[in-house]
Amino acid sequence: MTTIAPATAADRTGVSIDTLRYYEREGLIGPIRRSAGGRREYTEDDLFWIGLVTCFREAGLGIADLREFVAILRAEHSPQDRVAFLRGRRSALEQRAAALCRAMEVLDEKIAYYS
């Protein structure tokens, strides 16, 4: 199995080494394997999970939401439980997107008014 160093994992995922450690402490990724000297070694599977967590964070999910989703994935929950969780978060994201669209419309009106 090929592994990569923390700095390479940080570069490839676009997050800092501190963020990688934080995600591991919070149980969102990992456990991350360690070398004989105790240094973290990331796998491609770890990078996938880091990407997933990062995507969800960018979508506005909080750490508590992410912990809940990881728990659903790791436990013997049904696919319906996973889908229900994701649909709920997607609905909240749609509402946030609609609010942002309304705010942009107001800004556009003000830009046109003051131009």
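Here the structure is a predicted model, which is why all the values come from computation and not from measurement.

Undergrad: How do you make sense of the overall build of the protein when you look at a structure like this?
TA: Counting its regular elements, the protein contains five helices and two strands. Going from N to C terminus, the protein has its helices and strands arranged as α-α-β-β-α-α-α. Computed over C-alpha atoms, the radius of gyration of the protein comes to 19 Å, more than 25% over the 13 Å expected from 2.2 N^0.38 for 115 residues, which places it beyond the range of a compact globule. Taking the principal axes of the C-alpha coordinates as reference, the protein spans close to 65 × 40 × 20 Å. Scored against the burial criterion, the 115 residues of the protein give a buried share of 25%. The long-range fraction of contacts in the protein, counting pairs at least 24 apart against all pairs at least 6 apart in sequence, stands at 51%. Entry remark: accessible area of the protein is about 7800 Å², with carbon and sulfur atoms responsible for 55%. Of the charged side chains in the protein, 17 are positive and 17 negative; the average position of the first set lies 3 Å away from that of the second.

Undergrad: Whenever I open this one, the side chain of E24 confuses me. Can you help?
TA: Examined against the element boundaries, E24 turns out to sit in helix α2 (residues 17-25). Setting aside its immediate chain neighbours within four residues, E24 contacts I29, I32, R34 and R40.

Undergrad: Looking at this structure, I do not really get the packing of helix α3 (residues 44-58) against helix α4 (residues 63-74). What am I missing?
TA: Each packed pair of helices is defined by two parameters, the angle between the axes and the distance between the axes. At a closest axis distance of 10 Å, the pairing of α3 and α4 adopts a crossing angle of 140°. Here α3 lies oblique to α4, going by the angle between them. Pair α3 / α4 crosses with right-handed handedness. Together, W49, L52, V53, F56 and R57 of α3 and I63, L66, F69 and L73 of α4 make up the contact between the two elements.

Undergrad: How should I be thinking about the state of the cysteines in this particular structure?
TA: One way to say it: the disulfide is the covalent bond shared by the sulfur atoms of two cysteines. Within this structure, the stated rule accounts for zero disulfides. No disulfide involves C55; its sulfur sits 18 Å from that of C101, the nearest cysteine.

Undergrad: Explain unusual backbone geometry to me, please; I cannot follow it from the model alone.
TA: The general pattern is negative phi for most residues beyond glycine and trans for most peptide bonds. Cis geometry is adopted by the peptide bond preceding P31, which originates at G30 and carries an omega value of 10°. Summarising the element assignment, P31 is placed in the loop between α2 and β1 (33-34).

Undergrad: Where do I start with the packing of aromatic side chains in this structure?
TA: By the definition in use, this model includes five aromatic pairs. Judged by centre distance (6.4 Å) and plane angle (45°), the rings of Y22 and Y23 are tilted. An angle of 20° between the planes, with centres 5.1 Å apart, marks the rings of F69 and F85 as stacked. Residue F69 is found in helix α4, and its partner F85 is found in helix α5 (residues 79-114); the two are separated by 16 residues along the sequence.

Undergrad: In this structure, what is going on with the nonpolar core? I would like to understand it.
TA: A general trend in soluble globular proteins is that nonpolar side chains are found buried together. Ranked by internal contacts, the top residues of the largest apolar core, which has 21 residues, are L20, L28, I29, Y42, I50 and L66. Listing elements by their share of this core, those giving two or more residues are α1 (6-13), α2, α3 and α4. Take this core: its biggest share by element is five residues, from α4. Once residues lying within four places of it in the same chain are set aside, the contact partners of Y42 are T2, T3, I4, A5, P6, A9, L20, I29, I32, L47 and I50.

Calculation notes
Residues numbered from 1 in each chain as written. Predicted model: local features only at pLDDT ≥ 70, side-chain atom pairs only at ≥ 80, totals over all residues. Heavy atoms only, no water. Helix = DSSP H or I, 4+ residues; strand = E, 2+ residues; numbered from the N terminus. Rg over C-alpha atoms; globule rule 2.2 N^0.38 Å. Buried < 20%, exposed > 50% of the residue type's maximum accessible area, 1.4 Å probe, protein only. Contact = heavy atoms within 4.5 Å. Areas by Shrake-Rupley, 256 points an atom, 1.4 Å probe, with all protein chains shown as cover. Lys, Arg positive; Asp, Glu negative; His and termini not counted. Charge placed at Lys NZ, Arg CZ, Asp CG, Glu CD. Axes fitted to C-alpha atoms, helices over the stretch in contact; angles between N-to-C directions. Parallel < 35°, antiparallel > 145°, perpendicular 65-115°, else oblique. Left-handed = near helix turned anticlockwise from the far one by under 90°. Disulfide = S-S within 2.5 Å. Phe/Tyr/Trp six-rings, centres within 6.5 Å; stacked < 30°, edge-to-face > 60°. Core = buried A, V, L, I, M, F, W, Y, C linked by side-chain atoms within 4.5 Å.

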